[in-house]
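Summary of the model geometry
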Amino acid sequence: MKILIGVLVSLLLLGTTGSAADAAKKKGKLHHVVALKFKEGTSKEQIQAVEEAFKGLKKKIKEVDTLKWGTNVSPEKHHKGFTHCFILSFKSEKDRDAYLVHPDHKEFGKVLGPVMADVFVLDFWAVK
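A brief report on the enclosed structure follows. (Residues numbered from 1 in each chain as written. Predicted model: local features only at pLDDT ≥ 70, side-chain atom pairs only at ≥ 80, totals over all residues. Heavy atoms only, no water.)

**Structural notes on a nonpolar patch on the surface**
Taken together, the side chains of Phe120, Leu122 and Phe124 present a nonpolar region at the surface, about 290 Å² in accessible area. If you trace the backbone, Phe120 turns up in strand β4 (residues 116-125). (Patch = residues over 30% accessible without salt bridge, like charges linked within 9 Å, V, L, I, M, F, W, Y side chains within 5 Å. Areas by Shrake-Rupley, 256 points an atom, 1.4 Å probe, with all protein chains shown as cover. Salt bridge = Lys/Arg side-chain N within 4 Å of Asp/Glu carboxyl O. Helix = DSSP H or I, 4+ residues; strand = E, 2+ residues; numbered from the N terminus.)

Right under this line is the structure:
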């Protein structure tokens, strides 16, 4: 009986881990989170140019499903100097990968590069 229970628990755990990830990929969206920190002395106009260029990627790159963005409003003071967050979603890893190498994404890098002090990027599958 103990062996049977052990086997069932093992199968349940293996099945849950694999199926949760697979289910997320099939039903959820792949989110690409980009947090930005600007160099000291970056002007409001330069930051606005980055915001506009990033927002424009949604219209230029068909693989981007959604794009949301905003600036930090957390009272916790754990931002480490990161002020802007952009969250893009994709229907597949293939779409995300196409975005990463897209010429318009590369062109955006030319706008961001001169004023960026640091960037944090995290991709995850949203689980429903």
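On we go.
**Some points on the nonpolar core**
Core analysis: the largest hydrophobic core is formed by 19 residues, its most contacted members being Leu36, Phe38, Val50, Phe54, Val64, Leu88 and Tyr99. For this core, the secondary structure elements donating two or more residues are β1 (30-38), α2 (44-60), β3 (84-90) and α4 (103-112). When sequence neighbours within four positions are dropped, the list of residues in contact with Phe54 reads Val34, Leu67, Phe86, Leu88, Tyr99 and Phe108. (Core = buried A, V, L, I, M, F, W, Y, C linked by side-chain atoms within 4.5 Å. Buried < 20%, exposed > 50% of the residue type's maximum accessible area, 1.4 Å probe, protein only. Contact = heavy atoms within 4.5 Å.)

**Examining the side chain of Thr42**
The topology assignment puts Thr42 in the loop between β1 and α2. A distance of 2.7 Å separates the side chain of Thr42 from the backbone oxygen of Lys39, its partner in a polar contact. Those residues in contact with Thr42, other than ones at most four positions away along the chain, are Ile47 and Val115. (Polar contact = N/O pair within 3.5 Å; in protein donor to acceptor, adjacent residues only side chain to side chain.)

**Considering the packing of α2 against α4**
Where α2 meets α4, the closest approach of the two axes is 9 Å, and the angle between their N-to-C directions is 175°. By the angle between their directions, the pair α2 and α4 is classed as roughly antiparallel. Of the residues in α4, those in contact with Ala49, Val50, Ala53, Phe54, Leu57 and Lys60 of α2 are Asp104, His105, Phe108, Val111 and Leu112. For the contact of α2 with α4, a count of residues per class yields eight nonpolar, one polar and two charged. (Axes fitted to C-alpha atoms, helices over the stretch in contact; angles between N-to-C directions. Parallel < 35°, antiparallel > 145°, perpendicular 65-115°, else oblique. Nonpolar A, V, L, I, M, F, W, Y, C, P; charged D, E, K, R; others polar.)

**A look at the pairing of β1**
Along β1, eight of the nine residues are buried, which leaves the element largely enclosed by surrounding structure. For β1 and β3, the ladder comprises seven bridges, and the chain directions are antiparallel. The partner of Val33 across the bridge, within β3, is Ile87. Strand direction decides the pairing type here: β1 and β4, joined by nine bridges, are antiparallel. Across the sheet, residue Leu30 finds its bridge partner in β4, namely Trp125. (Pairing = 2+ DSSP bridges.)

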